[in-house]
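# Understanding the architecture of this molecule
For reference, the chains in residue letters:
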Amino acid sequence: MLVLTAIQGPDKGRRFELPDYEPQMIGRSSESLPLTDQTISRRHAELTPDDGKWFIRDLNSSNGTFVNGVRVRNRRELRPGDQIRTGMTLLVYGQDMIRSEAATSLRMAEKGEIGVNVEHTVASNDDSMIMAVPEPSQAAVFQLKVIYELTALIGSVTDQQDLLERVMNLIFEYFQADRGFILLADHPDAEPTPVVVRHRANPDKAGSTDSIAISKTIVRYVTRKNVGVLSSNAMNDERFATGDSVQNLGIRSAMCVPIKFKDRLYGVIQLDSQIANYTYTEDQLTLLTAIGVQTGLALANLNHYAARLKAERLAAVGQTVASLSHSIKNILQGLRGGADVVELGLRKANMNLVKNGWEIVARNLERIYELTMNMLAFSKQRKPELEMVNLEAVLTEAMTLVQKQYENKKVALISDMAPDMPPVPADPSGVHQAVLNLLNNALDAVEPDSGVVSVRGEYDEEHEQVRLVVSDNGEGMSQGTVSRLFEPFHSTKGMRGTGLGLVVIKKIVEEHGGTVTVDTQLGQGTTFTLTLPANPERIPASADTHGPS
């Protein structure tokens, strides 16, 4: 299996397998090779398989793509060992000599199947996180380097499986292991189950699905005594493991340590190696025990993070429900008031009362419709459904919908579209909703009889973008108000607002890869500018867009 391995950068230690027949993209928006390096582009470079070979080409990235220090100008063939530089990330392309196996390939050996001789133990406690060395030495530097890299994972990885895979990557980098696995238990009394299994693959055995047997005795010893152990296992028994050609491997040197933090035991880490190749030492057992404690700390941190995230989500749900309930209550009160006026007019056969009541009902029906559409846009992560759109037609349709409201308030609505506006890639329904929200906000901001709202569209050929500008001559806003404009459920309209209009506008524009800016001063009105890319390649993938947190 061909892989890319990150050896420098924020994703150091991660491995990405390259499927035989599927092109892969390197970048922040890539689903197959997702990198967190902020110095690379969303679509940075492309890897393409061709007749058993892989080729790389740069996708006009900002910082360029380099292979072995040479910038990639054209499509280039990759060879095993090539180093690919993208931003701060350095990747190595080559044959995978370490393969992960399904957890189901690991099984507990039956009683008497594996002989165990515990040669040395190390207590697993908080003191194991700091390993005392009599004097500065190469071993001390090595140990500190391993613990430093492991500590860097704590707080930077929020997915448990990803964390454990990267811990095993680190272990395999620094220990001469033939096999390794991590077992976890859901609670202290449960039987540990495999979550990560790693095997230093023999090319002649690649693809083998044979199971690996492990000693239940040694695992129980470690979990019950809370110590790390170094052992020699007699593996000559014919009943043992159909997996790793045990007869050829003979005796293995093995280490097994608990994963624990404070009083909580999470599971164990075990490594083994052929004694002919490598024999583990007491110092290495001490280091692996420290890794077990650090891994326990990382798992405790993940549990704390998950609990805190759950509490924050519950609080956010509560705030959302409270805000929506308030808005819906106000609208229902308006509907009830309008219905009462209609009923009174019908009883008195007074069509003027009926008309006035119906206008109240219609106005509140429009409010509940806007609230529903904004809630859908606010809560759903989506990718714009792009098509080549005539923005003038979209703006005209939005202005037509609000024209009656503007006339009722005696506010002027002016359109000024540049004659050279080309069709642009956009989601017409999304842009329509954003402009409609701006027009409704502008109408609320101006005074009756003297209010003026203008809508302007212009094309910036140099930067390949269009700008939609909505200006009003209202009273403007203070800087304090501006700082909270895009905060969900924050409204300056009192009972008439929901606090979602501008949030939805910003979300829709950012889904298009654009920006929203506001220019306002007290007493001088407000101007909102929506900037949208006119080049389809600048529209982000859905992985780059974010729903509400």
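Everything numeric here is computed off the predicted structure, so don't read it as measured data.

## Comments concerning helix H10 (residues 501–511)
Two residues of an α-helix separated by three or four positions point the same way, owing to the 3.6 residues in each turn. For H10, the tally of buried residues reaches nine of eleven residues, placing the bulk of the element in the interior. Listing the buried residues of H10 in full gives Gly-501, Leu-502, Val-503, Val-504, Ile-505, Lys-507, Ile-508, Val-509 and Glu-511. Within two residues after H10, Gly-513 carries a phi angle of roughly 80 degrees, on the positive side.

## A look at the pairing of strand E10 (residues 83–86)
Judged by which residues are buried, E10 turns out to be one-sided: Ile-84 and Thr-86 face inward and are buried, whereas Gln-83 and Arg-85, on the alternate face, are not. Two strands pair when backbone bridges link them, and strand E7 (residues 65–67) and E10 are joined in this way by three bridges, in the antiparallel orientation. Among the inter-strand pairings, Thr-65 is bridged to a residue of E10, identified as Thr-86.

## Details of the sheet that holds strand E3 (residues 24–27)
The five strands lie next to each other as E4-E3-E5-E6-E9, forming an open sheet whose pairing is mixed. Strands at the two margins of the open sheet, each flanked by one partner only, are strand E4 (33–34) and strand E9 (76–77). As judged from the three bridges shared by E3 and strand E5 (residues 45–50), these two strands associate in the antiparallel manner. Its bridge partner being in E5, Met-25 is matched across the sheet by Glu-46.

## As for the sheet that holds strand E26 (residues 515–520)
Read from one edge to the other, the open sheet built from five strands follows the order E22-E24-E25-E27-E26, with strand pairing classed as mixed. The strands lining the two open edges of the sheet, one partner per strand, are strand E22 (412–417) and E26. Sheet twist, expressed as the average angle between the axes of neighbouring strands with direction ignored, equals 15 degrees. Here six bridges tie E26 to strand E27 (residues 526–533), and the two strands are oriented antiparallel to one another. When the sheet's bridge partners are listed, Thr-520 is paired in E27 with Thr-526. The strands touched by helix H7 (residues 391–409) within the sheet are E22, strand E24 (452–460) and strand E25 (465–472), with E22 carrying the most contacts at an inclination of about 175 degrees. The sheet strands contacting helix H8 (residues 428–445) are E22, E24, E25 and E27, and the helix crosses E25 at an angle near 20 degrees.

## Topic: the confidence of the model for the protein chain
When pLDDT is averaged along the protein chain, the result is 76, and 72% of the positions lie at 70 or above. Taken together, the stretch residues 126–137 has pLDDT below 50 and engages in 15 contacts with residues farther than four places along the chain or on a different chain. Contacts for the low-pLDDT stretch residues 234–251, under 50 throughout, to residues beyond four places or in other chains number 42 contacts.

## Structural notes on the packing of H8 against H10
For the pair H8 and H10, the least separation of the axes is 9 Å and the interaxial angle reads 145 degrees. For the crossing formed where H8 meets H10, the hand is left-handed. The segment H8 lies against H10, with Gly-430, Val-431, Gln-433, Ala-434, Asn-437, Leu-438 and Asn-441 engaging Gly-501, Leu-502, Val-504, Ile-505 and Ile-508. Across the contact of H8 with H10, the residue classes tally to seven nonpolar, five polar and no charged.

## Here we look at the packing of aromatic side chains
Applying the stated criterion across every chain, the model contains zero aromatic pairs. Above the face of the Phe-55 ring, Arg-75 is positioned so that its terminal group lies 4.0 Å from the ring centre. Above the ring of Tyr-266, the side-chain terminus of Arg-264 is found at 4.4 Å from the ring centroid.

## Brief notes about the nonpolar core
Of all hydrophobic cores here, the largest spans 42 residues; its most connected members are Tyr-406, Leu-439 and Val-453. Of all the secondary-structure elements, those providing two or more residues to this core are H7, E22, strand E23 (424–426), H8, E24, E25, H10 and E27. Looking at this core element by element, the count peaks at eight residues for H8. One finds Leu-164, Tyr-174, Leu-287 and Leu-288 within the second-largest nonpolar core, a separate group that totals 35 residues.

## Some thoughts on the environment of Gln-176
Within the fold, Gln-176 resides in the loop between helix H2 (160–174) and strand E15 (179–184). Once the C-alpha coordinates of Gln-176 and Tyr-280 are considered, the two residues, 104 residues apart in sequence, prove to be 8.6 Å apart.

## Re the pattern of salt bridges
Inspection of every chain in the model, using the stated rule, returns twelve salt bridges. Here Arg-467 makes a salt bridge to Asp-460, at a shortest N to O gap of 3.4 Å. The buried category is assigned to Asp-460, whose relative accessible area is 13%. In the salt-bridge network here, residues are joined through shared partners; they are Arg-456, Glu-458, Asp-460 and Arg-467.

## Side note on H2
Here H2 spans 22 Å end to end across 15 residues, near enough to the 21 Å set by a 1.5 Å rise per residue. Sitting at the amino-terminal end of H2 is Asp-159, which places a side-chain oxygen 3.3 Å from the backbone nitrogen of Gln-161.

## Overview of the pairing of E15
For E15, the tally of buried residues reaches six of six residues, placing the bulk of the element in the interior. Where E15 and strand E16 (residues 193–200) come together, six bridges link them in antiparallel fashion. Residue pairing across strands places Phe-181 opposite Val-197, the latter belonging to E16.

## Quick look at the environment of Arg-79
Tracing the chain through its elements places Arg-79 in the loop between E9 and E10. For Arg-79, a relative accessible area of 52% gives the class exposed. Sequence-wise, Arg-79 and Phe-55 are 24 residues apart; in three dimensions their C-alpha atoms are separated by 9.1 Å.

The rules behind the values
- Residues numbered from 1 in each chain as written.
- Predicted model: local features only at pLDDT ≥ 70, side-chain atom pairs only at ≥ 80, totals over all residues.
- Heavy atoms only, no water.
- Buried < 20%, exposed > 50% of the residue type's maximum accessible area, 1.4 Å probe, protein only.
- Helix = DSSP H or I, 4+ residues; strand = E, 2+ residues; numbered from the N terminus.
- Pairing = 2+ DSSP bridges.
- Axes fitted to C-alpha atoms, helices over the stretch in contact; angles between N-to-C directions.
- Contact = heavy atoms within 4.5 Å.
- pLDDT = per-residue confidence, 0-100.
- Left-handed = near helix turned anticlockwise from the far one by under 90°.
- Nonpolar A, V, L, I, M, F, W, Y, C, P; charged D, E, K, R; others polar.
- Phe/Tyr/Trp six-rings, centres within 6.5 Å; stacked < 30°, edge-to-face > 60°.
- Lys NZ or Arg CZ within 6 Å of the ring centre and 35° of its normal.
- Core = buried A, V, L, I, M, F, W, Y, C linked by side-chain atoms within 4.5 Å.
- Salt bridge = Lys/Arg side-chain N within 4 Å of Asp/Glu carboxyl O.
- Expected span 1.5 Å × (residues − 1).
- Polar contact = N/O pair within 3.5 Å; in protein donor to acceptor, adjacent residues only side chain to side chain.

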